[in-house]
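Chain and residue survey
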Amino acid sequence: HNPPDEELRIVLCILDTETINGFIRLLDISNPTSSSPLSISVVRLAELVARANPLFLDHEKQRVPPNYQWTNTINALTQHQQHKGMLMKLHFFTAVTPKQTMFRDICELALEQEASLIILPFKSSSDVHNHSVNSQVLNNAPCSVAIFVDKGLLEINKIGSSIRRTPYRFAVLFLGGGDAREALVYADRMVANQDVSLTVIRFLSRNFKGYNEIEKKLDDGIVTWFWVKNEINQRVVYREVLVSNGEETIEEIQAMNDGAFDLLIVGRKHGINPILLTGLSEWSESDELGLIGDYVSSADFFGSASVL
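Attention shifts here to the nonpolar core. Core analysis: the biggest nonpolar cluster contains 46 residues, and I118, L173, F203, I253 and I292 have the highest contact counts within it. Examining the composition of this core, we find that 5 residues originate from one element, helix α3 (residues 102–112), more than from any other. When neighbours within four sequence positions are excluded, L173 is seen to be in contact with I201, F203, I253, M256, I265, V266, G267, I292 and V296. With 45 residues, the next largest nonpolar core counts L8, F23, L153 and V223 among its residues.

Before going further, it helps to spend a moment on the packing of aromatic side chains. To describe a pair of aromatic rings, you give the distance between the ring centres and the angle between the ring planes. The full count for this structure, using the stated rule, is 6 aromatic pairs. When the centroid spacing of 5.8 Å and the interplanar angle of 80° are considered together, the rings of W70 and F92 count as edge-to-face. Here the residue W70 occupies a position in the loop between β3 (55–58) and α2 (71–84), and F92 occupies one in strand β4 (residues 88–97), the gap between them amounting to 22 residues. In this structure, W70 and F92 share a single accessibility class: buried.

A few words on helix α8 (residues 290–297). Among the 8 residues that make up α8, 8 are buried, leaving the element largely enclosed by the rest of the structure. Those residues of α8 that sit buried are G290, L291, I292, G293, D294, Y295, V296 and S297. Its buried side turned inward, α8 meets β7 (168–174), α7 (246–256), β10 (263–266) and β11 (306–307).

In this section: the sheet that holds strand β8 (residues 196–205). In space, the 5 strands of this open sheet follow the order β9-β8-β7-β10-β11, with parallel pairing throughout. Looking at strand neighbours, the two that pair on one side only are β9 (236–243) and β11, the edges of this open sheet. Across 4 bridges, the pairing between β7 and β10 is parallel. Within the sheet, the bridge partner assigned to L173 lies in β10 and is V266. Sitting on the sheet, α7 is in contact with β7, β8 and β9, with an inclination near 150° to β9.

At a closest axis distance of 10 Å, the pairing of helix α5 (residues 178–191) and helix α6 (residues 213–230) adopts a crossing angle of 10°. As summarised for this structure, α5 and α6 are arranged roughly parallel, according to the angle between their axes. For the pair α5 and α6, contact is made by G178, R181, L184, V185, D188 and V191 and by E215, L218, D219, I222, V223, W225, F226, K229 and N230, respectively. Here the contact of α5 with α6 is built from residues that sort into 8 nonpolar, 2 polar and 5 charged.

Moving on: the environment of E248. When you line up the elements, E248 lands in helix α7. Taking the C-alpha atoms as reference points, E248 and V43, separated by 205 residues in sequence, lie 41 Å from one another. E248 has contacts with R206, L242 and V243, leaving out every residue within four places of it along the chain. Polar contacts involving the side chain of E248 include one to the side chain of R206, which spans 3.3 Å. Here the side chain of E248 touches S244 through a polar contact of 2.9 Å, landing on its backbone nitrogen.

Residue position: T199 is located in strand β8. Note on T199: relative accessible area 16%, which makes it buried. Once you skip the residues sitting within four places of it in the chain, T199 turns out to touch F170, A171, V172, V237 and F261.

What counts and what doesn't
Residues numbered from 1 in each chain as written. Predicted model: local features only at pLDDT ≥ 70, side-chain atom pairs only at ≥ 80, totals over all residues. Heavy atoms only, no water. Core = buried A, V, L, I, M, F, W, Y, C linked by side-chain atoms within 4.5 Å. Buried < 20%, exposed > 50% of the residue type's maximum accessible area, 1.4 Å probe, protein only. Helix = DSSP H or I, 4+ residues; strand = E, 2+ residues; numbered from the N terminus. Contact = heavy atoms within 4.5 Å. Phe/Tyr/Trp six-rings, centres within 6.5 Å; stacked < 30°, edge-to-face > 60°. Pairing = 2+ DSSP bridges. Axes fitted to C-alpha atoms, helices over the stretch in contact; angles between N-to-C directions. Parallel < 35°, antiparallel > 145°, perpendicular 65-115°, else oblique. Nonpolar A, V, L, I, M, F, W, Y, C, P; charged D, E, K, R; others polar. Polar contact = N/O pair within 3.5 Å; in protein donor to acceptor, adjacent residues only side chain to side chain.

Set out below in structure tokens:
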């Protein structure tokens, strides 16, 4: 629902300052423009230890105690923002709070900033606390939520140059439903960047069984809008595949994956036709990412594509 000619407000959550390069690339390819700049509230979340009181600091108004400073990360983001000029505004916050209440700080900040999107990092390790923070945000957020699985998204070339000769290759796996529609709209924003090529694959059940009629109409509407807008764009490929169950869905995803995609964008789970996932539930590890997000994020999935 974010108008195309207004700023996009994002809350970016930093749990581990080592992950900042992938986030910078993600913000870059979110394609800030003069008509639709990015306004980003960056919040560093630190776990409260001992019995000290929780802190929530606005860097423009308060000084951050030495033991909670994250200067290198702020410098990296600020340097990038200076490169972008008026296309990107940054506002820094630090939250020091117990893990079990971190989600409140994130959700309240999104509410105060009237954000359209919260971006969370995904940790594939056994960091149970991080997963519970993400799950609680998903359950309580006042806006859309994206979870970013960073496998080295668009890493700067080994020689230190950020100039690439080839376009970035992204793919949307569109299984239908509200989450998939948001994924497609976000990808549409990205493909406005001349350096991005996009493949959209829409999965449909054979004989069109299992659909919620309202969801199906909304899906048809957003896909039609996307295709009319991008039909003459040589960097966009759209195709549809028919499947009967989850096994065929996975086979089709494997068939399209040549290992060269930089980013896969997929709806988490809301509104997916259950027939497209039949038989898959027994091997899902992560409720955060949904069945398909979990599959394409796994170490077994060929290639080094990051996942949103």
